[in-house]
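Coordinates in review
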Amino acid sequence: MTSNAYGALRTDTTMTADMATYATQGASFVINAYSQITMTDGANPTIISGDSVTNETPNDPTQTYNGKAIAWDYTILVNDGVNAYEIGVVDYDINGNGSFQYPGAEQGYFLMFLDGQVPPLNTPLTIGAIVDNGPSIDVDTVVPCFVLGILIGTPNGQRTIEKLCVGDEVQTSDHGAQRIRWIGSYELGPEELARKAKLRPIKIMAGALGFGLPESDFRVSPQHRMLVRSPIAARMFDAAEVLVSAHKLVDLPGVFVDNEVQSVTYFHILFDQHEIIFAQGAPAESLLLGREALKGVGVAAREELFEIFPQFLTPNFAPVPARHIAKKGKVIANMLRRHIVNNKPLIAVQ
């Protein structure tokens, strides 16, 4: 068994070895990029084991990363001047000698984001108090892998999608903060992905859409539509902004079918109306619940949705999309070609 953690490699931050070793209160650092790691579970898969406070040795050497011991050291509270975040500082036995050397690269090798709290990139974070320095932490407190852990913009900062619940507010492009009316998910394992290759996720690399968006790599379902805003698109579709299915963007550098992933969990978020929300900072659609979308959510989910939105049952019900939806494959391909040839971003600055 393995556990996935989302956060940042310390080498992708300005946190020093001394800060990681001594949790220097009042010191500040910046996170430049997000990452994820996959740890092999130790003796107890329900926890992420720590290390001894006195001698820097792992409590459970069978908990590993790339074959070498890894352990949670302590949890600190950091703040960006507006919001506070808990970060688990993780030590890693890089040289394989059975202990964590200090101060040095093995201290704070990885910074885990806890309880769905994701600090912003390129923003000074000030170290506050150590809030936990026990023998272990519960594995459920760790933000999971990137497929599950896509970051959604909310009025209180970015949160991983699996931490969102009905009633939570999400920031939208058109209507400010909107409450989630329904959220659902389904998982596809290795056998199902092997049988249904068209359901493999589309991976969009950091910056692939232009102007640094998305802020870090993420995956979406093939039919999930991303917002395109550019003069080229406006001329071709007679609309300032259009929505394009992710699988139709694969000719764009940095956008491709992810054939590496072994399983994937897809999430749906539904509001009172179709909305443009922000995933890893990039504008994308919420669920547009038309006839075809209803077929894909399962019988139990459909029954629940009909109770929440009885209008879905009316014969002439037709959902209103938040933007023009581009559907013609040849036109979309031509649009992408023009962007690539002219080196223009899909998301132009407003």
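Above this text sits the structure in question.
To keep things clear, this report deals only with the structure shown in the data block. Note that the structure is a prediction, hence the values are computed from the model and not measured. (Residues numbered from 1 in each chain as written. Predicted model: local features only at pLDDT ≥ 70, side-chain atom pairs only at ≥ 80, totals over all residues. Heavy atoms only, no water.)

Looking only at helices and strands, the chain has six helices and 24 strands in total. Put simply, of all contacts in the chain between residues at least 6 apart along the chain, 65% involve residues at least 24 apart. For the chain, the exposed area adds up to about 16,000 Å²; of that, 52% sits on carbon and sulfur atoms. (Helix = DSSP H or I, 4+ residues; strand = E, 2+ residues; numbered from the N terminus. Contact = heavy atoms within 4.5 Å. Areas by Shrake-Rupley, 256 points an atom, 1.4 Å probe, with all protein chains shown as cover.)

This part is about the sheet that holds strand S16 (residues 202-204). The strand order S17-S16-S20 describes an open sheet built from three strands, whose pairing is antiparallel. Only two strands of the sheet have a single neighbouring strand rather than two, namely strand S17 (218-220) and strand S20 (255-257). Across the sheet, the mean angle separating the axes of adjacent strands is 30° when strand polarity is ignored. When S16 meets S20, the two strands line up antiparallel, connected through three bridges. Bridge pairing in S20 places Ile-204 opposite Val-255. (Pairing = 2+ DSSP bridges. Axes fitted to C-alpha atoms, helices over the stretch in contact; angles between N-to-C directions.)

A separate point is the nonpolar core. Counting 37 residues, the largest nonpolar core has Ile-152, Ile-204, Leu-209, Met-226, Val-244 and Met-335 as its most contacted members. Elements represented by at least two residues in this core include exactly S16, S17, strand S18 (225-228), helix H3 (231-237), strand S19 (242-245), strand S22 (276-279), strand S23 (282-285) and helix H6 (329-341). Every residue in contact with Ile-204, bar those within four places of it in the chain, is listed here: Leu-209, Pro-214, Ser-216, Asp-217, Phe-218, Val-220, Met-226, Gly-254 and Val-255. (Core = buried A, V, L, I, M, F, W, Y, C linked by side-chain atoms within 4.5 Å. Buried < 20%, exposed > 50% of the residue type's maximum accessible area, 1.4 Å probe, protein only.)

Below, the discussion takes up the pattern of salt bridges. Overall, the coordinates contain eight salt bridges when judged by the stated rule. Of the charged contacts in the structure, one is a salt bridge between Asp-168 and Arg-159, with a shortest N-O distance of 3.5 Å. The salt bridge involving Asp-272 is made with Arg-181; its shortest N-O contact spans 2.3 Å. With Asp-272 in the loop between strand S21 (264-270) and S22 and Arg-181 in the loop between strand S14 (176-179) and strand S15 (182-188), the pair connects residues that are 91 residues apart, well separated along the chain. Residue Arg-181 is classed as partly exposed on the basis of its relative accessible area, which comes to 30%. One network of salt bridges, in which partners are shared, links Asp-174, Arg-229, Glu-241 and Arg-323. (Salt bridge = Lys/Arg side-chain N within 4 Å of Asp/Glu carboxyl O.)

Where strand S11 (residues 151-154) and strand S12 (residues 157-160) come together, four bridges link them in antiparallel fashion. Among the inter-strand pairings, Gly-153 is bridged to a residue of S12, identified as Gln-158. As consecutive antiparallel partners, S11 and S12 are separated by two residues.

Let us now look at the packing of aromatic side chains. This model, assessed by the stated rule, comprises three aromatic pairs. Judged by centre distance (6.2 Å) and plane angle (50°), the rings of Tyr-65 and Tyr-109 are tilted. Taken together, the residues Tyr-65 in strand S5 (residues 64-65) and Tyr-109 in the loop between strand S7 (84-92) and strand S8 (110-113) connect sequence positions 44 residues apart. Taking relative accessible area as the criterion, Tyr-109 reaches 21% and is therefore assigned partly exposed. (Phe/Tyr/Trp six-rings, centres within 6.5 Å; stacked < 30°, edge-to-face > 60°.)

A word on H6. If you check H6, its first and last C-alpha atoms are 18 Å apart, about what 13 residues at 1.5 Å a residue would give, namely 18 Å. Of all the positions in H6, only Ile-332, Met-335, Leu-336 and His-339 are classed as buried. Each buried residue of H6 sits inside an arc of 95° when the element is viewed along its axis, so together they form one side. In H6, those exposed residues whose orientation departs by more than 90 degrees from the buried face are Lys-330 and Val-341. Tucked inside the fold, the buried residues of H6 contact S18, H3 and S19. Phi for Asn-343, located one or two positions after H6, is positive at around 55°. (Expected span 1.5 Å × (residues − 1). Arc of directions from axis to C-beta.)

Turning to unusual backbone geometry, a few remarks are in order. Backbone phi values are negative for most residues with the exception of glycine, while trans is the configuration of most peptide bonds. Look at the link from Tyr-102 to Pro-103: it is a cis peptide, with omega at -20°. Summarising the element assignment, Pro-103 is placed in the loop between S7 and S8. For the bond running from Leu-213 to Pro-214, omega is -5°, close enough to zero to count as cis. Relative to the assigned elements, Pro-214 resides in the loop between S16 and S17. Notably, Phe-211 is not glycine yet its phi reads approximately 55°, a positive angle. Within the secondary structure, Phe-211 sits in the loop between S16 and S17. Phe-211 gets classed as exposed once you look at its relative accessible area, which sits at 55%.

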